Structures are given as structure tokens and as C-alpha cells.
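Understanding the architecture of this molecule
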Amino acid sequence: MINKIKRNLLFIYCFVALVITSIYVYSDVSKFLYVNYDDNEYVSENYNIQKGINIESLTWCFTAVHSNNWHPVTWISHMIDFSVFGINPAGHHVVNVAIHIVNTFLLFILLYLFTSMKWPSLLVCVIFALHPAHVESVAWIAERKDVLSAFFLFLTMIMYYLYIKGRGVIKWISYVVTLVFFGLGLMSKPMLVTLPFVLLLMDFWPLARLKVMVIVEKIPFFILTIVSSLLTFWAQQSMGAVQTVSQFPILLRIQNAMFAVIKYIGKLFWPHPLVVFYPYNQYISIFAFIFSFIAIAFVTLFFLQQHKAKKYLIVGWFWFLGTLVPVIGIVQVGTQAMADRYTYITYIGLSIIIAWVLYELVNKNKNREIVYSVIVVILIFVQVPLAKLQASYWEEPISLFEHQLKYEIGTPLIFNNLGLSYSEKGQLDKAIAVYHQALEINPTYFSVLNNLGSALSSKGDIKGSIKYYQKAVDSDPNNPLLYRIYNNLGIAAIHENRLIDAVGFFEKAIRQEPKYDATYNNIGVAMEKLGRLDEAIFYYRQGIIINPRHSGLYNNIGLAYGKKGDIDMAIEYFQRAIQVDPNNVTAVDNLRMAKQYQVEGRM
């Protein structure tokens, strides 16, 4: 009895150590900034998210295709965060970490329910919670979809177990809830489309219940998988994210897929370097391809031969391979070869193999629980400093992209994002230098040309900026982001006092993208300079409809009313500007002067 209590205490100590070290690894995230790589599209510049929860925004969640995806539950989670924390990234980061820690608990619960083996279940959780490759999913706000979809995956599997063990009405209620959680998971991130196959693997081991009924009961799950797959393909193709066969030939995709599998396995055991973007390899040596093929085939055949004695080998291996299928690149979305975030769920399969192999090795030892606890503690303290270091790179975008360039060949995408990061810090010369590095690789990269023009404009080189804006237009006259170029050309025209030309550029921008609030602000400025104050106020108000949190628009309306002599309306809009952003020093000064003029009876 005493020994049993000691063994339980030993386990509890190990679990508490896991929780404490997990919190420690991510203890600095409240200081982390947004990164200009999807965070802007997901939160910081997504005005649909910033409207909070209402009928209009919820309709957008379920009907819009944004950032190449349809995942309404993820959008809703970001909306809730923004309603609570506002634009400050601290709360958004903390919520990611909280979900990750909850996921660790849920993973342990489901593994323990299915296997009744607490020590190997704990070891799987140690790898899941602390592996450096998982930092990307947790420390990146835009990867909320990773931690959220895993949350629903684990709930789905727990409810599936309750369905299997349940009786009568409870059994079928559990089945319906299982389907609901699966649907919510798919609407968080469609990578979960392989979950029905994972459930079949669990039916094989440890449940040992493979029979015809097991297949039949999965039919609704497969229907949801098919629907989600079609929606995802439609969403990504409509946004131009799906690469064509001419861009990425089928044979090259297969070669990259096999090579990626080997690299994923390698990074599980040697997680260095880990970067935010792995460029697609356009040439893989025949040796690497043959080695990858033989290695995967050998491991698969070997594990299949162990299907009676060590069933967990098959389950772990096919969990790993199966959950990789949606992101392995056979249907190539984007230009990355692989990504650390894709390991968040897939590494669970390999972790199962490691945990149960180790358990079998120490099981005959009379002090097996002590030995296994030592293994757990060693694994915790090996991973913690690596994960902590990896998390530090996500503190702000410059450190993230400079780390990328230290270990991977620079791509125009990374140079572009690093340039934007330098620009935001006011380091314009550095920004211009890395933009030119990007153009050396791809002279027609649309976003780089636009951003280089903006950097030159900020330095006062208006003619230089116009030159690169025009190059961007010429490089891709049908680009869906062309409205940004027209907006920037309009700003340049204002600087050169070509106000009529500026209005023309802004009108072009609005025709292409009627929901870009910056354009309405800028055309309002041009109208105001032309003395057309009513039109200026009209455009400012249109911008507010799109983005009610744009403090500058309220301030500009106040200024326009001030020029019209309507001091009461001017004060009202200055006050609104301050309500939206109490740190808007310009609006505070304008309000103070307006009230002073009001007292003096003049404006």
C-alpha cells in the first residue's frame, strides 16, 4: 500500500514538473509582438475580427474565404480574444499557451483512457508539451488554428471512447457529441480530415475492436471529411494558393514528400535548426530520393511484421504518416516544403512508438517506475532549454527572420518580411538593403517592389518610390493587391502636390478593393487639401464604416469640421478619436485647442 502511494506520488511529481516547465517555456509570451507573417491577416489588420462578435462578423466567419482558408471557429476565437484584449498581442499569446497546456492534459486523459498506462502516456505528453518544433504552433498568434484544432481532436477522441464504453442513450449522445467536436475541429483547421483514420487505428490498438460495424459507424465522419476537404480545396484554389502541376510537377512533389518525412523524423530527435519557412527544394538528388523511399518502405514493412506482438508500432507509425498526408505537398499549397507547425499533431504518433518501446524495455525491472520517471525527467530537462530558446526567436519579427536567414537560404518572402520589420522600427536603410536582396532573386516580386517604394517614400525619395510602384504595376497588372499600389501612388502624388492625380489613384484603389480603410483616409486628405470638405468628410466616414477603430479617421473628420467652422462637431469627433485610442496624442491636442477656441468663441 505504501509503495503504491509512493509510486502515485512519483507520477504526480513528474506531471507537476511537466506543467511547471511548460509554463516556464512560454512565460515570456505576454511580451511578444505580432509578426508580420499572417498575424496581420489574422488579427492586427483584420478589421472583420476587430469588429467583435455580432451578426455581421459571424456571417463573415462562415461565408468568407480569407488567408486561403475557411475555418470559422478559428475566426470566432480570434474575435473573442479581440473583444477581451483589444489590439494588444499579449492576451492573444497567453490564450494560445493556455490552450496548449489544456491540450497536454487532454492528450494524457485520452491516452490513459485508451491504454490504462499512465507512464508511457505521460512521456507522450512530455514530448508534445515541450518539443521545440511545437513552439511555432504556440508562440505564433496566427497558428491559433493549430492549438484549437488539436483541442477539438482530443475532445473528439475522448468522446469516442465514452461512446464505445457507453450504454443506451448515453452511448448515442456521446456519438453525436463526438461528431460535433469533429466538425468544430474541421472548422478550426481542416488538417483534421484524417481523424476518422486515426480512430480506426485506435480501434486496432489498443481497443482491439476491428469489425464491420467499426467501419459503418465512421461513415458520418468520412462524410464530414469529404465536405471539409472540398471546402478547403475550393477556398485555397479560389485564393490562388494551390500550385499547378507545371509549377510543381507530380514527381517532384513525391520526392519532396518522401524527403520531408525523413526530415520530420530527424527533427524529432535533433530539432535544429527550426525556422519559420523551409523553401521548396526544386532539385532532390537521386540518392536522397532512393534513401528516403527505402527507409520509409523498410520501417513500414518492419512495423507491419510486428502487427501481433507490438501493435503500437503500426498505430504510431501510421498516425504519423496519415496525419501528415494533408500537408505533405501532394496537393501543394503555398511554396513551403515543410513546416514545424505540421508536427503539432503528427509527432504524437512517433511519440507513442518511443514511449511504449521504452516502457517495454524497463518493464521487467522491479524499479521500472523509478527508471521511467528518470527518463521522463531527463526528457523534460533536455527539451526545456531548447524550447525556451526557440520561443525567444518569436518575441518580435526581426529576431524571427534574422534567425531564418542564419540557417536557411534567403527567399524573397523572408527578405520582404524582414524589410517590413526594419521599416516598422524606422531602420529604413536596412529595409531598403534587404528589399534589394529580394529583388536580386526575383526582380518582379510584387510585394517587395511595393514595400521598397514605401520605404523610399518614407525617406523622402518620392520619385524613387514612384519608380518602384510603377514596376510593381508592370510586373503584375492583375494582382489582387494592386489597390495598395494605387493607394501608395496617390500618397506620392499628394507629396508632389498633384492632388487631382492623387484622387484618381485613390478612386482606382477603391474600385478594386472597396473595403480598404486606408484609401478612404487618404482620399479624404486629398479632398481636404482641394478644399472639398464635405467630400472629405464623406470618405472619412466611409472608412469608419469599414474600420470603426481607426482613430485617425475620427480625428481627420474633426479637423474637417473645424475648417468648416463647426466646432461642436469637431469636438465630438476628437473625443471619439480618443475613445478609440486614448494614446492618440494628436487628437488630444486637437481636442484641447478646439475647446479653447470654443471658449474664446472662435475656431
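Here's what I pulled together on the structure shown here. (Residues numbered from 1 in each chain as written. Predicted model: local features only at pLDDT ≥ 70, side-chain atom pairs only at ≥ 80, totals over all residues. Heavy atoms only, no water.)

Digging into the packing of helix α24 (residues 482-495) against helix α25 (residues 499-512)
Relative to each other, α24 and α25 sit at 165 degrees, their axes nearing to 8 Å. Our classification of the angle between α24 and α25 gives roughly antiparallel. Of the two elements, α24 crosses α25, and the hand of that crossing is left-handed. On the side of α24, the interface is formed by Leu482, Tyr483, Tyr486, Asn487, Leu489, Gly490, Ile491, Ala493 and Ile494, while α25 contributes Leu499, Asp501, Ala502, Phe505, Phe506, Lys508, Ala509 and Gln512. (Axes fitted to C-alpha atoms, helices over the stretch in contact; angles between N-to-C directions. Helix = DSSP H or I, 4+ residues; strand = E, 2+ residues; numbered from the N terminus. Parallel < 35°, antiparallel > 145°, perpendicular 65-115°, else oblique. Left-handed = near helix turned anticlockwise from the far one by under 90°. Contact = heavy atoms within 4.5 Å.)

Examining the side chain of His92
Within the secondary structure, His92 sits in helix α6 (residues 89-115). Each residue touching His92, except ones within four places of it in the same chain, is listed here: Tyr34, Val43, His78, Asp81, Phe82, Phe85, Gly86, Ile141 and Arg144.

Some words on helix α15 (residues 286-305)
The end-to-end C-alpha distance of α15, which contains 20 residues, comes to 28 Å, matching closely the 28 Å that a straight helix rising 1.5 Å per residue would cover. Restricting attention to buried positions, one finds in α15 the residues Ala288, Phe289, Ser292, Ile296, Thr300 and Phe303. All buried residues of α15 project into a common sector of 105 degrees when viewed along the axis, lining one side. Residues of α15 that are exposed and point over 90 degrees away from its buried face: Ile286, Phe287, Phe298, Leu301 and Gln305. In this structure, the buried side of α15 is in contact with α14 (250-269), α16 (311-324) and α17 (343-362). (Expected span 1.5 Å × (residues − 1). Buried < 20%, exposed > 50% of the residue type's maximum accessible area, 1.4 Å probe, protein only. Arc of directions from axis to C-beta.)

Remarks on the nonpolar core
Counting residues in hydrophobic clusters, the biggest one holds 189 residues, and the most contacted among them are Leu122 and Met157. If you tally residues by element for this core, the top one is helix α9 (residues 144-165), at 14 residues. Here Leu122 is in contact with Phe11, Cys14, Phe15, Leu18, Phe108 and Val376, once residues within four sequence places are set aside. (Core = buried A, V, L, I, M, F, W, Y, C linked by side-chain atoms within 4.5 Å.)

Observations concerning the packing of helix α27 (residues 533-546) against helix α28 (residues 551-564)
Axis separation between α27 and α28 bottoms out at 9 Å; the angle between their running directions is 160 degrees. Between α27 and α28, the angle is such that the two are roughly antiparallel. Read as a crossing pair, α27 and α28 show a hand that is left-handed. Facing α27, whose interface residues are Leu533, Asp534, Ile537, Tyr540, Arg541, Gly543 and Ile544, α28 presents Leu553, Tyr554, Asn556, Ile557, Ala560, Tyr561, Lys563 and Lys564. Within the contact of α27 with α28, the residues separate by chemical class into nine nonpolar, two polar and four charged. (Nonpolar A, V, L, I, M, F, W, Y, C, P; charged D, E, K, R; others polar.)

Observations concerning the side chain of Asn256
With respect to the helices and strands, Asn256 occurs in helix α14. Polar contacts involving the side chain of Asn256 include one to the main-chain carbonyl oxygen of Asn281, which spans 2.9 Å. Those residues in contact with Asn256 that lie beyond four places of it in its chain are Tyr280, Asn281, Ile284 and Ala337. (Polar contact = N/O pair within 3.5 Å; in protein donor to acceptor, adjacent residues only side chain to side chain.)

As for a nonpolar patch on the surface
Together, Trp172, Val212, Met213, Val216, Ile219, Ile223 and Val227 give the surface a local cluster of nonpolar side chains, amounting to about 670 Å² of exposed area. Mapped onto the nonpolar patch, the elements with two or more residues apiece are α12 (212-216) and α13 (219-238). Position of Val216 among the secondary structure elements: in helix α12. (Patch = residues over 30% accessible without salt bridge, like charges linked within 9 Å, V, L, I, M, F, W, Y side chains within 5 Å. Areas by Shrake-Rupley, 256 points an atom, 1.4 Å probe, with all protein chains shown as cover. Salt bridge = Lys/Arg side-chain N within 4 Å of Asp/Glu carboxyl O.)

Regarding unusual backbone geometry
Cis geometry marks the peptide bond from Trp205 to Pro206; its omega dihedral reads 10 degrees. Within the secondary structure, Pro206 is located in the loop between α11 (195-204) and α12. Of the consecutive residues His272 and Pro273, the connecting peptide bond is found in the cis state with omega at -5 degrees. Here Pro273 shows up in the loop between α14 and β1 (278-279). Even without glycine at this site, Ala208 takes up a positive phi of about 50 degrees. Positionally, Ala208 belongs in the loop between α11 and α12. In this model, Asn497 sits at a positive phi of 60 degrees, which is unusual for a non-glycine residue. Tracing the backbone through its elements, the reader meets Asn497 in the loop between α24 and α25.

Describing the packing of aromatic side chains
Enumeration over the complete set of coordinates arrives at 37 aromatic pairs. Between Phe11 and Trp119, the aromatic rings sit 5.3 Å apart at their centres with planes inclined by 90 degrees, giving edge-to-face as the arrangement. With Phe11 in helix α1 (residues 2-25) and Trp119 in helix α7 (residues 118-130), this pair connects stretches of sequence that are 108 residues apart. Like Trp119, Phe11 is buried. Through successive ring pairs, a cluster of aromatic residues spans Phe11, Phe15, Phe105, Phe108, Tyr112, Trp119, Tyr359 and Tyr372. It is Arg576 that lies over the ring of Tyr573; its NZ or CZ is 4.7 Å from the centre. (Phe/Tyr/Trp six-rings, centres within 6.5 Å; stacked < 30°, edge-to-face > 60°. Lys NZ or Arg CZ within 6 Å of the ring centre and 35° of its normal.)

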